[in-house]
Amino acid sequence: MAQGKKVVIILNKIDLVPRQVVQEWITHLRGDFPTVAFKSAKQAEFAAHGSAHSASYGMMHSTFGVLGADTLVQLLKNYARAGKGKMAISVGVIGYPNVGKSSLINSLKRSAAVKVGGTAGVTRQLQEVHLDATVKLIDSPGVVFA
């Protein structure tokens, strides 16, 4: 890993697996990297934000509910504060196709900042989204390892 770069693992789409499985993965992965359980909203309006650890069944399966966003934003802002000076940090969002990279960015931004779709290939180039003055998110096309 490049010097000074940090890795944060996001377990996205946690509403699709049993809560116990999510907790076991978080426990396992946190031994190596900061890990955040996340559920993106499925609608353009982002009404409810909450914690993945204490989410009700209704919140977990709501199309408007976002889980883990506040935790992730706080972590990113902590990294920005710990950085050199008052420079903004750039956060690259990478992963396989259709894992919810763009939906994660929209949920953090609380608006439809980047285009999303149900098929691979909607994001065709890098896109920058400013979360605030200290955090810039970079959406990327899906990465496929050969």
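Above this note sits the structure.
Each chain has its residues counted from 1, running along the sequence as written. Only residues with pLDDT of 70 or above have their local features reported here, since the model is predicted, and side-chain atom pairs are shown and tallied only from 80 upward, although totals for entire chains, interfaces and linings are computed over all residues. For the side-chain quantities, the full set of heavy atoms in the structure was used; hydrogens and water were omitted.

1. A few points about helix H1 (residues 19–29)
Alright, step 1. Among the residues making up H1, those that are buried are Val22, Ile26 and Leu29. All buried residues of H1 project into a common sector of 75° when viewed along the axis, lining one side. Exposed residues pointing more than 90 degrees away from the buried face of H1 are listed as Thr27 and His28.
Alright, step 2. Contacts were defined at the residue level, with two residues in contact if any of their heavy atoms lie within 4.5 Å. Going along the chain from the N terminus, every DSSP run of H or I of four or more residues is numbered as a helix, and every run of E of two or more is numbered as a strand. Looking at the packing, one finds that the buried side of H1 touches strand S1 (9–11) and strand S2 (35–37). Three labels apply to residues, based on accessible area from a 1.4 Å probe with only protein chains included: buried if under 20% of the type maximum, exposed if over 50%, partly exposed otherwise in between. Here, the arc refers to the directions that run from the helix axis to the C-beta atoms.

2. Notes on the nonpolar core
Alright, step 1. In terms of nonpolar packing, the biggest core is built from 22 residues, with Phe38, Leu72, Leu104, Ile105, Leu108, Val135 and Leu137 touching the most fellow members.
Alright, step 2. Mapped onto this core, the elements with two or more residues apiece are helix H3 (69–82), strand S5 (89–93), helix H4 (101–109) and strand S7 (135–139).
Alright, step 3. The element best represented in this core is H3, accounting for seven residues.
Alright, step 4. Beyond its immediate sequence surroundings of up to four residues, Leu108 is in contact with Phe38, Ala69, Leu72, Val73, Leu131 and Leu137.
Alright, step 5. Core analysis: the next-biggest nonpolar cluster, separate from the first, contains seven residues, Ile14, Val22, Leu29 and Ala37 among them. Working definition of a nonpolar core: buried Ala, Val, Leu, Ile, Met, Phe, Trp, Tyr and Cys residues. They are joined through side-chain atoms within 4.5 Å.

3. Looking at the pattern of salt bridges
Alright, step 1. Here, a salt bridge means any Lys or Arg side-chain nitrogen found within 4 Å of an Asp or Glu carboxyl oxygen. Applying the stated rule across the entire model yields three salt bridges.
Alright, step 2. Across the salt bridge formed by Lys77 and Asp132, the nearest N and O atoms sit 3.0 Å from each other. Residue Lys77 is located in helix H3, and its partner Asp132 is located in the loop between strand S6 (127–130) and S7; the two are separated by 55 residues in the primary sequence.
Alright, step 3. Owing to a relative accessible area of 28%, Lys77 belongs among the partly exposed residues under this scheme.
Alright, step 4. Here Lys136 ties to Glu128 by a salt bridge, and the two come within 3.7 Å at their closest N and O atoms.
Alright, step 5. Since its relative accessible area comes to 18%, Lys136 is described here as buried.
Alright, step 6. Given the relative accessible area of 52%, Glu128 is considered exposed.

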